[in-house]
Amino acid sequence: MVDSNLQTIAYQAHDTAIIDPGARIGKGSTIWHWSHISEGACIGESCSLGQNVFIGDHVVIGNRVKIQNNDTVYDHVILEDEVFCGPSMVITNVYNPRAAIVRKHEYRRTLVQTGATLGANCTLVCGVTIGCYGFVGAGAVITQDVPAYALMVGVPARQIGWMSQYGERLNLPLTGTAATVCVHTGRYYQLVDGICQVINDEYCGLSAFICRGSLIFASGSYKLSLCCFDCLSTKRANKARPT
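About the thresholds
- Residues numbered from 1 in each chain as written.
- Predicted model: local features only at pLDDT ≥ 70, side-chain atom pairs only at ≥ 80, totals over all residues.
- Heavy atoms only, no water.
- Helix = DSSP H or I, 4+ residues; strand = E, 2+ residues; numbered from the N terminus.
- Buried < 20%, exposed > 50% of the residue type's maximum accessible area, 1.4 Å probe, protein only.
- Areas by Shrake-Rupley, 256 points an atom, 1.4 Å probe, with all protein chains shown as cover.
- Salt bridge = Lys/Arg side-chain N within 4 Å of Asp/Glu carboxyl O.
- Contact = heavy atoms within 4.5 Å.
- Pairing = 2+ DSSP bridges.
- Phe/Tyr/Trp six-rings, centres within 6.5 Å; stacked < 30°, edge-to-face > 60°.

Caption draft 1: Region of the structure containing the overall build of the protein. When helices and strands are tallied, the protein shows zero helices and 30 strands. Relative to its 243 residues, the protein shows a buried fraction of 46%. A total of about 11800 Å² of accessible surface is found on the protein, and carbon and sulfur atoms cover 51% of it.

Encoded structure:
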């Protein structure tokens, strides 16, 4: 049963949600109680934003992203397709803030790639990249880039293993060369020189993005060209999404 307080457009928003004019939200997305979507945000299709979520300007969110209650996503963050953000997660955008010093021109870009999980109460210090299907444990503090499929825990976070696309720990060492199969999906994972990858399964991308500035962002099998401040574009990776 659908909540009678949800406003139905191409997406659904609870009547307590604040959606600034100019925000782009894809069809099938749902925004719940007391959340605030800033005017420059771009949210893809079939996303779920829980209660008390803040999405800043210059934020790009792909398709099928789940953002849980009390999450804060500040400016200059990109969340690719199927990213999971656990409750009370925070992504910052200033590395060394001071109340008396204006540092809006020093915002650092944070990229969370396809399928990654950000656990409850974790913090991403701005300027990092979370690789495809990386898994950040609850309460961890990320201060550096996270490899694809890496399992990170602690403060500051350290890698303790590898995670499958299914969300289960893989039987692989941290370094060296090894291989294993996910018992749930049959996908074959290979570790070579400390890099984990799926053989013959290379989807990694962002389905929807908003053009801002003049930078070129490249990740996985696609390249983003951010060219202006008010242009909404759509781009898909050339390779097929895994089933």
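Caption draft 2: Local environment of the pattern of salt bridges. A full pass over the atoms with the stated rule returns three salt bridges. Two residues, Glu106 and Arg103, come together in a salt bridge whose shortest N-O distance is 3.2 Å. Residue Glu106 is classed as partly exposed on the basis of its relative accessible area, which comes to 33%. We classify Arg103 as buried; its relative accessible area is 19%. Residues participating in the shared-partner salt-bridge network are Arg64, Asp81 and Glu82.

Caption draft 3: Broad picture of the environment of Val112. Following the sequence through the fold, Val112 ends up in strand 16 (residues 110-112). Among the residues examined, Val112 registers a relative accessible area of 0% and is labelled buried. Beyond its immediate chain neighbours, meaning those up to four positions away, Val112 contacts Ile78, Leu79, Glu80, Val83, Ile91, Leu118, Leu124 and Ile130.

Caption draft 4: Structural detail: the sheet that holds strand 7 (residues 42-43). Strands sit in the order 4-7-10-13-16-19 across an open sheet of six strands; the sheet is parallel. Across the chains shown, the open sheet's two edge strands, defined by having one partner strand only, are strand 4 (24-25) and strand 19 (129-130). Here strand 16 pairs with strand 19 via two bridges, running parallel. Its bridge partner being in strand 19, Leu111 is matched across the sheet by Thr129.

Caption draft 5: Layout of the packing of aromatic side chains. Throughout the structure, instances matching the rule amount to three aromatic pairs. Aromatic pair Phe54 and Tyr74: ring centres 6.0 Å apart, planes at 55 degrees, arrangement tilted. Linking Phe54 in strand 9 (residues 54-55) with Tyr74 in the loop between strand 12 (72-73) and strand 13 (77-79), this pair joins segments that are 20 residues apart in sequence. The interplanar angle of 10 degrees and the centroid separation of 5.7 Å between the aromatic rings of Tyr133 and Tyr149 together place this pair among those described as stacked. Taken together, the residues span a long stretch of sequence, with Tyr133 in the loop between strand 19 and strand 20 (135-136) and Tyr149 in the loop between strand 21 (141-142) and strand 22 (150-153) at a distance of 16 residues. By the ring-pair criterion, three or more aromatic residues cluster together here, those being Tyr133, Tyr149 and Tyr189.

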